[in-house]
Amino acid sequence: MLSVLVIALSASCLALATRPSGPKCQQVTIPVIISATTQNIDLKAPKNQSELTGLITRFTSLSSNVTADVLKGETNLTASYKIWSLLCLPSNVSTKPVTTVEFAIHGINFDHSYWNFGGDGSQYNYVDAATRAGHAIFLYDRLGLQGVGQSSKPDGIKEVQTATQIEVAAMLIRYLKSGKSGYKFTKFIGIGHSYGSIQLVGIASKFGNLLDATILTGFSPFQGGIGTSLAAFGLTIASQQNRARFGALSNSYLATQSIYNDQAAFFAFPFFDFDVLKFASATKGSATLGEFLTLSAQAALNYTNPIFVVTGDKDFIFCGGDCFQLFPGAPVNVVEASKVLFPSVQKFNVSIPANTGHAINVHFGAENVYASIQGWIASNV
């Protein structure tokens, strides 16, 4: 059953910010109605941190069977949500029409600001790179995220799952394609980071060529580092980790424990500014048990458009710290092995930037990565 998009924009939910030399950005809260096939998770929110820690220990153990124990088949979910978004366009949009829009999905532990980190003029600001290339870029806070934009925060086990996030993202892409944003784009490029990349794979798997090109960052099909990474997160009930930031969330919402847990999973020492780590940790987002229990990426058999995979050489989560290691049973490295998910794609490229951890955009080499991404778009889309 296809999801239905409800677009009801009003003057109260639209704010336009114009800067003389930077991108023009507008905030919009977009109501969506989705229909998703989710997992029936037989699990209640943990009563306390000790119970959560026990669950994470079981989930990350070598003989883990937690998913088999708690995933009890599929169920249908129909629900309505409000998604906060930010559409940024080049400063000269009034004199030069923009035809290409990048659709950006952030990963776990970040919100939309992963894509404009540091603000105007920052070396870490990908929005600046996209708009300088003449593209619009659409950012949003994913469903359930405790962030600046305040998207809906439904049940973190039954509703906020990967299948739900994929449906929400697909509806937002259709919103851009409908012209309801006020702009008539003709090329639609998906760019994701980490869990955002997993969602883009899911979109390609379910909806085929909904996007004209897909860029997966902080991603590979290698699962050997996932358990270690989840343990490194030090997952904590979010409302206990930071009451001021997460106090209103239920116990199905989680957060990494400390700044050093954030460093271990997302940053490769010493190739980052410690002040950047501090800011990223202080502004981090939440994630849900439902998301962690439904992390998966299925092959996109009917997707044929270009793919670019960009993963740092020291990515701890998706490469176990070494992205040049061979994928088990294959003669290619773990990043190149992403091709197995896209058997019908002819234009498939990878990049493994040096001295870079999982959160590519907050490392010293971010600007070089942005240049390579924009160069790839110019040559392949």
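Rules of the game
- Residues numbered from 1 in each chain as written.
- Predicted model: local features only at pLDDT ≥ 70, side-chain atom pairs only at ≥ 80, totals over all residues.
- Heavy atoms only, no water.
- Helix = DSSP H or I, 4+ residues; strand = E, 2+ residues; numbered from the N terminus.
- Rg over C-alpha atoms; globule rule 2.2 N^0.38 Å.
- Buried < 20%, exposed > 50% of the residue type's maximum accessible area, 1.4 Å probe, protein only.
- Contact = heavy atoms within 4.5 Å.
- Core = buried A, V, L, I, M, F, W, Y, C linked by side-chain atoms within 4.5 Å.
- Disulfide = S-S within 2.5 Å.
- Expected span 1.5 Å × (residues − 1).

Looking at an unreviewed UniProt entry, one finds the protein named AB hydrolase-1 domain-containing protein and attributed to Psilocybe cyanescens.

Turning next to the overall build of the protein. Broken down by element type, the protein carries 13 helices and 13 strands. Its C-alpha atoms give the protein a radius of gyration of 19 Å, within 12% of the compact-globule value 21 Å for 381 residues. Projecting the C-alpha coordinates of the protein onto the three principal axes gives extents of approximately 60 × 45 × 45 Å. Per-residue burial for the protein yields a buried fraction of 56% across its 381 residues. For the protein, contacts bridging at least 24 residues in sequence account for 78% of all contacts bridging at least 6.

Once that is clear, we can look at the nonpolar core. With 121 residues, the main nonpolar core has Tyr 126, Phe 138 and Phe 342 as its most contacted residues. Filtering out sequence-adjacent residues up to four positions away, Phe 342 remains in contact with Val 201, Ala 204, Leu 216, Ala 300, Tyr 303, Ile 307 and Phe 348.

By the definition in use, this model includes two disulfides. Two residues share a disulfide in this structure: Cys 319 and Cys 323, whose sulfurs sit 1.9 Å from each other. Here the disulfide of Cys 319 and Cys 323 is right-handed, its torsion about the S-S bond being about 90°. Take Cys 319 and Cys 323: they sit in the same class, and that class is buried.

Let us now look at helix H13 (residues 366–380). Here H13 spans 21 Å end to end across 15 residues, near enough to the 21 Å set by a 1.5 Å rise per residue. Taken together, the buried residues of H13 touch strand S5 (100–105), helix H3 (126–132), strand S7 (187–193), strand S8 (213–217), strand S12 (307–310) and strand S13 (348–351).

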